[in-house]
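Fold and contact review
The primary structure of each chain is shown beneath.
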Amino acid sequence: MSTQTNSHVDQGLDAHGDGHGAHASVGFYWTIGLILAALTGLEVAAYYMELGSFEVPLLLILSAAKFVLVVGFFMHLKFDSRIFTGVFVAGLALAVFMVSALVVIYHWVPGAA
Amino acid sequence: MAEAAVAHDEHHYTATGLTNWKVGFWTFIGSECLFFGTLLSTYMVYKGAALEGPYPLDVFDIPLTTVSTFVLLMSSLAMVLALDGVQRANKKLTLFWLGTVIVMGAIFLGFQYYEFTHFVHEGLTLQQNVFGSTFFVLTGFHGAHVTVGVIWMITLFILALRDKLPPAKALNVEIAGLYWHFVDIVWIIIFVLVYLIP
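Structure report, in brief. In this text the structure is predicted, and so the values were computed from the model without any measurement. (Residues numbered from 1 in each chain as written. Chains lettered and ligands numbered in written order. Predicted model: local features only at pLDDT ≥ 70, side-chain atom pairs only at ≥ 80, totals over all residues.)

The secondary structure content of chain A amounts to four helices and zero strands. Ordering the α and β elements of chain A from the N terminus gives α-α-α-α. Looking at the 113 residues of chain A, the share that counts as buried comes to 30%. Residue pairs in contact within chain A that sit at least 24 positions apart in sequence constitute 42% of those at least 6 positions apart. (Helix = DSSP H or I, 4+ residues; strand = E, 2+ residues; numbered from the N terminus. Buried ≥ 20, exposed ≤ 12 C-beta atoms within 10 Å, placed from the backbone. Contact = placed C-beta atoms within 7 Å.)

So, in structure tokens, the structure goes:
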């Protein structure tokens, strides 16, 4: 165990053993929180402005931005080991593929559903 | 450095040098993506397929849902600040931000209870139409996840209150935070795909 511990220390891992050396400051977290609030405001504004064909892509882009901010900074994936990103993205990619494929099949392929 | 070594000894490590807990929890979150993916797929597939009302536009109250979305989003900020409090061994900050997460989670659940009750009064039930079935199952499971998260936060709050949440235990709070943030990102997607996109 001690060898393992030394190994971790040698690699510069932090006290949590989770592989991330960098920690964001409190001010940074507040900034991310404010950006998330602003993006939510923009989403609702886009909903009420009825932007036609731009509305859906814009809403998807705004929500994707919020998603990336929370996952990257609040969940620390930006600072953490790439292995965590891989494990998460594997599940996420499968889920996105499944939702997208079913929506395309049921809503856009004539006679497929 | 000695403290770091002590902290290391409290957790098990994989061959990658990463804690089992965190690897396992990220794997769990990956699987949860698929769980909510199936529920969301079902909602999206049957979107607009209800033959009788009430329809989404008849019952949705966007300003109300915006407020609850904002509350849940800010609870994620409170969660990350609570983790910062634990890492700094600042009991007051830890208790304040964990308490804030609990209160905000409870407020979100209160909004959801109000929304569900309102929908039922409007005639939208689980059996009424395909919109009701898919909507209640999707948002209901999300609400159940928030409820589990609130209970988890209450246990952490009690531990912090009893001085049983030192910096060496920060990983416990970090993992609870991962769960809470995941519940938040699921709602980010639900808010747009279910409520905002007609």
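Looking only at helices and strands, chain B features seven helices and zero strands. Each helix (α) and strand (β) of chain B, taken in turn from the N terminus, gives the series α-α-α-α-α-α-α. Seen through its C-alpha atoms, chain B measures out along the principal axes to roughly 65 × 35 × 25 Å. By the burial criterion, 44% of the 198 residues in chain B qualify as buried. Put simply, of all contacts in chain B between residues at least 6 apart along the chain, 80% involve residues at least 24 apart.

Now for helix α3 (residues 55-74) of chain A. Taking 1.5 Å per residue as the helical rise, α3 of chain A with its 20 residues ought to reach 28 Å, and the 28 Å between its terminal C-alpha atoms agrees with that figure. L59, L62, S63, K66, L69, V70, V71, F73 and F74 of chain A are the residues of α3 of chain A that are buried. Elements that come into contact with the buried residues of α3 of chain A comprise α2 (26-49) of chain A together with α4 (62-87) and α7 (170-196) of chain B. Positive backbone phi, at 65°, marks H76 of chain A, one or two positions downstream of α3 of chain A. (Expected span 1.5 Å × (residues − 1).)

The end-to-end C-alpha separation of α4 of chain B is 38 Å, in line with the 38 Å expected for 26 residues at 1.5 Å each. Following α4 of chain B by one or two positions, A89 of chain B adopts a phi angle in the positive range, close to 55°.

Moving on, we get to the packing of helix α6 (residues 130-161) of chain B against α7 of chain B. How two helices sit against one another is set out by the angle between their axes and by the gap between those axes. All names here are of chain B. Two numbers describe how α6 lies on α7: the axes approach to 10 Å, and their chain directions differ by 155°. One way to sum up the angle between α6 and α7 is to call them roughly antiparallel. Handedness of the crossing formed by α6 with α7: left-handed. On the side of α6, the interface is formed by F135, L138, T139, H142, H145, V146, G149, W152, M153 and L156, while α7 contributes V173, A176, Y179, W180, V183, V186, W187, I190 and V194. (Axes fitted to C-alpha atoms, helices over the stretch in contact; angles between N-to-C directions. Parallel < 35°, antiparallel > 145°, perpendicular 65-115°, else oblique. Left-handed = near helix turned anticlockwise from the far one by under 90°.)

Residues and elements named next belong to chain B. One can find V186 in helix α7. Using a count of 24 C-beta atoms within 10 Å as the deciding quantity, one classes V186 as buried. Put simply, V186 and F35 are 151 residues apart on the chain and 11 Å apart in space, counted from C-alpha to C-alpha. For V186, the contacting residues outside a window of four places in its chain are F36 and H142.

In this section: unusual backbone geometry. The phi angle of most residues is negative, glycine excepted, and most peptide bonds adopt the trans form. Between G53 of chain B and P54 of chain B the backbone carries a cis peptide bond, its omega angle lying at 0°. For P54 of chain B, the location among the structural elements is in the loop between α2 (20-45) and α3 (56-59). The phi dihedral of E50 of chain A falls on the positive side, at around 50°, and the residue is not glycine. Checked against the element boundaries, E50 of chain A lands in the loop between α2 and α3. Residue E50 of chain A is classed as exposed on the basis of its 9 C-beta neighbours within 10 Å.

Judged by nonpolar contacts, the single largest core of 71 residues is most densely connected at A82 and V101 of chain B. Listing elements by their share of this core, those giving two or more residues are α2, α3 and α4 (82-107) of chain A together with α2, α4, α5 (91-121), α6 and α7 of chain B. Looking at this core, the element that brings in the most residues is α7 of chain B, giving 21 residues. Once you skip the residues sitting within four places of it in the chain, A82 of chain B turns out to touch T94, W97, L98, V101 and V173 of chain B. (Core = buried A, V, L, I, M, F, W, Y, C linked by C-beta atoms within 7 Å.)

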